[in-house]
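A structural walkthrough
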Amino acid sequence: MTNYRTIGTAALGEGGPEVGVQGLGCMGMSFAYGPADADASRATLERALELGVTLFDTADAYGAGDNERFLAPFLGAHRDEVAVATKFALAIPPDDPARRVIRNDAPYIRQAVEASLKRLDVDVIDLYYMHRRDVNVPIEETVGVMAELVREGKVKHLGLSEVTAGELRAAHGVHPIAAVQSEWSLFSRDIEANVVPAARELGVTLVPYSPLGRGFLTGSFTDAGQDLTADDFRRRMPRFTGGNAVANAALLEPVRAVAEAHDASLGQIALAWVHRQAEVHGLPVVPIPGTRRPARVEENTAATRITLTEEELALLEPIAEKVAGPRYADMTFTSAGRE
Ligand SMILES: NC(=O)c1ccc[n+]([C@@H]2O[C@H](COP(=O)([O-])OP(=O)(O)OC[C@H]3O[C@@H](n4cnc5c(N)ncnc54)[C@H](OP(=O)(O)O)[C@@H]3O)[C@@H](O)[C@H]2O)c1
């Protein structure tokens, strides 16, 4: 199935810049998913760009700045060809480096953007997201500060992650929001109820994170507690361990059947489904699957050329409502947890 043609493009927000219709999630290169091979990760970045991927996703929280620093040489070598997206909001308290505190206040944002610019070694951040919502700060205030960063030339476009439809509308009233980044996959469809319709109405692009269900939808692991290394974040996620993992693995059967019909991998079908949501919901959708391996970026970008039939979509439709376990142990900081 895999071939190596370049992918199409999509706009980041109404009238916004065009980026490759699939981005690359870079988090795992420094954080969360066990040991990474730096050389393979660098080769993955280069291969992604060759295939038409131009949106590279990171956050200051990924490895406490390590992921941004890791991307800097790649960005320096290709600054005019790529868009870098990073995020603020998960602050490290000085007295407890292992903890994270959500902060959306002006002094925090101002120091966070300077730190990200320095670590990324760029003059301007193409897309700057609020990573998590601090409900103690009015969203209008937070986006007001983010809009100042645009006027000052530190940031080009604004994004929000895990916001409710109401928060998105309020934010968009202050400054145009180019993108909402939230979890969206065959396993996680809660944003379809309110967030996706609001994004369509406002001309906001949807950037689905974890479109491969953090790897689970590829069939590459079943029980995180047994199959993944001790430091892997997925061992603490309710869907991926014990009885939930066994039940959820059984849900992959229709994905496997569709994959066989297309001579494709399970992951490619999971990604083809996310790409298809652009047509289903009538808005630009730019998923950012994460990988640290060049062969997988070839496989994942090739999924943009798989068209699922209506019958196949119907076969995949019931999966999400049967998933055992929430997508995070604590759902209060997700949009669904506040709606
Ligand atoms: N805004 C937020 O709150 C938030 C939250 C989570 C993630 N994100 C962003 O979204 C990006 C993507 O999400 P994610 O990394 O959590 O999940 P994902 O993209 O659903 O899955 C990534 C996992 O799938 C594996 N994988 C990728 N392609 C594969 C393939 N073709 N076959 C088999 N396995 C494959 C990767 O392993 P290898 O790396 O070993 O290939 C990795 O373990 C992240 O990198 C990050 O930038 C944002």
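Just above sits the structure.
Notes on the structure follow. (Residues numbered from 1 in each chain as written. Predicted model: local features only at pLDDT ≥ 70, side-chain atom pairs only at ≥ 80, totals over all residues.)

The secondary structure content of the protein chain amounts to 14 helices and eleven strands. Since a compact globule built from 339 residues should have a radius of gyration of about 20 Å, the 19 Å found for the protein chain is in line with a globular shape. Seen through its C-alpha atoms, the protein chain measures out along the principal axes to roughly 50 × 40 × 40 Å. Considering the protein chain as a whole, with its 339 residues, one finds that 50% of them fall into the buried category. Sequence-distant contacts, at least 24 apart, represent 76% of the contacts inside the protein chain between residues at least 6 apart. (Helix = DSSP H or I, 4+ residues; strand = E, 2+ residues; numbered from the N terminus. Rg over C-alpha atoms; globule rule 2.2 N^0.38 Å. Buried ≥ 20, exposed ≤ 12 C-beta atoms within 10 Å, placed from the backbone. Contact = placed C-beta atoms within 7 Å.)

Contacts to the ligand come from 29 residues, most closely from Gly25, Met27, Leu212, Gly215 and Gly290. Broken down by element, the shell around the ligand gets its largest block of residues, three residues, from helix 11 (residues 294-302). Here the shell around the ligand is composed, by residue class, of eight nonpolar, 14 polar and seven charged. (Near = placed C-beta within 6 Å. Nonpolar A, V, L, I, M, F, W, Y, C, P; charged D, E, K, R; others polar.)

With that out of the way, let us pick up the packing of helix 9 (residues 253-262) against helix 10 (residues 266-281). Axis separation between helix 9 and helix 10 bottoms out at 8 Å; the angle between their running directions is 95°. When the axis of helix 9 is compared with that of helix 10, the two are roughly perpendicular. Seen from helix 9, the contacting residues are Val255, Arg256, Val258, Ala259 and His262; seen from helix 10, they are Leu266, Gln268, Ile269 and Ala270. In terms of residue class, the contact of helix 9 with helix 10 is built from six nonpolar, two polar and one charged. (Axes fitted to C-alpha atoms, helices over the stretch in contact; angles between N-to-C directions. Parallel < 35°, antiparallel > 145°, perpendicular 65-115°, else oblique.)

All right, on to the packing of helix 10 against helix 11 then. At a closest axis distance of 8 Å, the pairing of helix 10 and helix 11 adopts a crossing angle of 45°. Taken together, the axis directions place helix 10 and helix 11 in an arrangement best described as oblique. Here helix 10 runs over helix 11; the crossing is right-handed. Along the contact surface, helix 10 presents Gly267, Gln268 and Leu271, while helix 11 presents Glu299, Asn300 and Ala302. (Left-handed = near helix turned anticlockwise from the far one by under 90°.)

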